[in-house]
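Chains, contacts and geometry: an overview
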Amino acid sequence: MSEVFLELGQRPDEVGPPINGPAAYPEDVTARLTADAEQILSRYPDARSALLPLLHLVQAENGCLTPAGIGFCATLLGLTDAEVTAVATFYSMYRRTPAGDYLVGVCTNTLCAIMGGDAILDALQEHLNLRAGETTDSAEGKATVTLEHIECNAACDYAPVVMVNWEFYDNQTPSSARDLVDGLRGGTPPEPTRGAPLCTFRETARTLAGLTDPHAPGGAPGAATLAGLREARKRGMSAPEAPGPVT
């Protein structure tokens with residue numbers, strides 16, 4: 001029997017510099033962001049609960065977090081810059097370097113890696129002449145692409161998966177992934193396999209802040225996702241009854 005060796009493991013981390021950039025927003029930007037922030041704050045009885053969507057709001061301004069954005073959130077919520085930074089740097093969706101128009105994430109976790117995720121990332125790094133964490137130059141009016149490797153997308157049933165601004169592109173190959181990024185850069189982005197229509201990174205950040213309509217057709221689970229449920233129904237299987245209240 002021949003042996004097969006699969007070298008798995010986390011790929012090198014992307015660059016994670018300190019949050020830098022402008023220290024404060026111009027007055028007109030502050031006024032505009034404040035109006036947006038008031039919409040967000042109105043949904044939360046405790047203002048501090050709005051920190052995560054507010055971070056998405058300021059990320060939409062520059063394509064990443066900046067000291068200006070951190071200070072804006074801190075002032076609104078009565079927090080220190082350090083407290084806001086501690087939250088912002090915990091979550092990988094908040095960036096410390098500007099994202100391009102399209103943030104292309106290749107899953108390299110175990111199942112996607114086995115199914116070809118590492119090969120897809122290698123192919124895109126070569127095709128775009130980038131390392132993970134870097135962004136293409138803006139040339140000839142082309143959209144910019146930031147390439148990164150990401151951990152599990154919770155889409156193992158369609159591995160290997162590439163995400164673009166958090167929308168799914170399922171069952172990818174090195175060839176289809178190259179076609180995908182060429183379409184993004186050339187202004188003809190393919191439709192996501194499922195979920196909402198694709199928009200730019202900054203538009204996505206505003207949606208995550210709760211400032212655009214997140215409802216779109218195509219969000220239902222796909223056939224592979226429901227395979228276990230179909231099999232359970234065939235076999236007459238069901239979940240156990242929930243226990244009654246503890247007295």
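Rules used in this analysis
Residues numbered from 1 in each chain as written. Predicted model: local features only at pLDDT ≥ 70, side-chain atom pairs only at ≥ 80, totals over all residues. Heavy atoms only, no water. Helix = DSSP H or I, 4+ residues; strand = E, 2+ residues; numbered from the N terminus. Buried < 20%, exposed > 50% of the residue type's maximum accessible area, 1.4 Å probe, protein only. Contact = heavy atoms within 4.5 Å. Areas by Shrake-Rupley, 256 points an atom, 1.4 Å probe, with all protein chains shown as cover. UniProt positions renumbered as here; feature names shortened; annotations may be inferred. Salt bridge = Lys/Arg side-chain N within 4 Å of Asp/Glu carboxyl O. Expected span 1.5 Å × (residues − 1). Disulfide = S-S within 2.5 Å.

1. A few points about the overall build of the protein
When you go through the protein residue by residue, the secondary structure sums to nine helices and four strands. Its helices and strands taken in sequence order, the protein reads α-α-α-α-β-α-α-β-β-β-α-α-α from the N to the C terminus. Residues counted as buried form 40% of the 247 residues belonging to the protein. Restricting to contacts in the protein with at least 6 residues of sequence separation, those with at least 24 account for 67%. Put simply, the protein shows about 14000 Å² of open surface, and 55% of that area lies on carbon and sulfur atoms.

2. A short note on the UniProt feature "binding site: [2Fe-2S] cluster" (unreviewed entry) in the protein
Under the feature "binding site: [2Fe-2S] cluster" (unreviewed entry), the UniProt entry names Cys107, Cys112, Cys152 and Cys156. Annotated residues spanning 50 residues; largest pairwise C-alpha distance 9.6 Å, indicating a single compact cluster. Tracing the backbone shows Cys107 in strand S1 (residues 102–107). Setting aside residues up to four positions removed in sequence, Cys107 forms contacts with Cys112, Gly117, Ile150, Glu151, Cys152, Asn153 and Val161.

3. What about the pattern of salt bridges?
Scanning all chains against the criterion turns up seven salt bridges. Between Asp170 and Arg194 there is a salt bridge, with the nearest N and O atoms lying 2.7 Å from each other. Of the two residues, Asp170 sits in the loop between strand S4 (167–169) and helix H7 (174–186) while Arg194 sits in the loop between H7 and helix H8 (201–208), which places them 24 residues apart along the sequence. Taken as a pair, Asp170 and Arg194 share a single burial class, namely buried. For Glu231, the salt bridge identified is with Lys234, shortest N-O distance 3.8 Å. Of this pair, Glu231 and Lys234 both sit in helix H9 (residues 227–234), separated by three residues, roughly a single helical turn. What makes Glu231 partly exposed here is its relative accessible area of 33%. Among the charged side chains, a salt-bridge network with shared partners connects Glu231, Lys234 and Arg235.

4. Details of helix H6 (residues 117–128)
Counted at 1.5 Å a residue, the expected span for H6 with its twelve residues is 16 Å, and the 16 Å between its end C-alpha atoms agrees. Those residues of H6 that sit buried are Gly117, Asp118, Ile120, Leu121, Ala123, Leu124, Gln125 and Leu128. Considering only its buried residues, H6 is in contact with S1, helix H5 (110–115), strand S2 (145–150), strand S3 (162–164) and H7. Looking one or two places after H6, you find Asn129, whose phi comes out positive at around 55 degrees.

5. Section: the state of the cysteines
Evaluated as defined, the whole model comprises zero disulfides. Take Cys112: it sits in no disulfide, and the sulfur closest to it among the cysteines is that of Cys107, at 3.7 Å. Cys112 sits in the buried class, given a relative accessible area of 5%. Residue Cys156 stays outside any disulfide, its sulfur separated by 3.9 Å from that of Cys152, the closest cysteine. Judged by its relative accessible area of 39%, Cys156 is partly exposed.

6. Focus on the environment of Gly69
By secondary structure assignment, the location of Gly69 is in helix H3 (residues 67–77). Measuring from C-alpha to C-alpha, the distance between Gly69 and Thr30 comes to 9.6 Å, with 39 residues separating the pair along the chain. Not counting the four nearest positions on each side in its chain, Gly69 is found in contact with Tyr25 and Val58.

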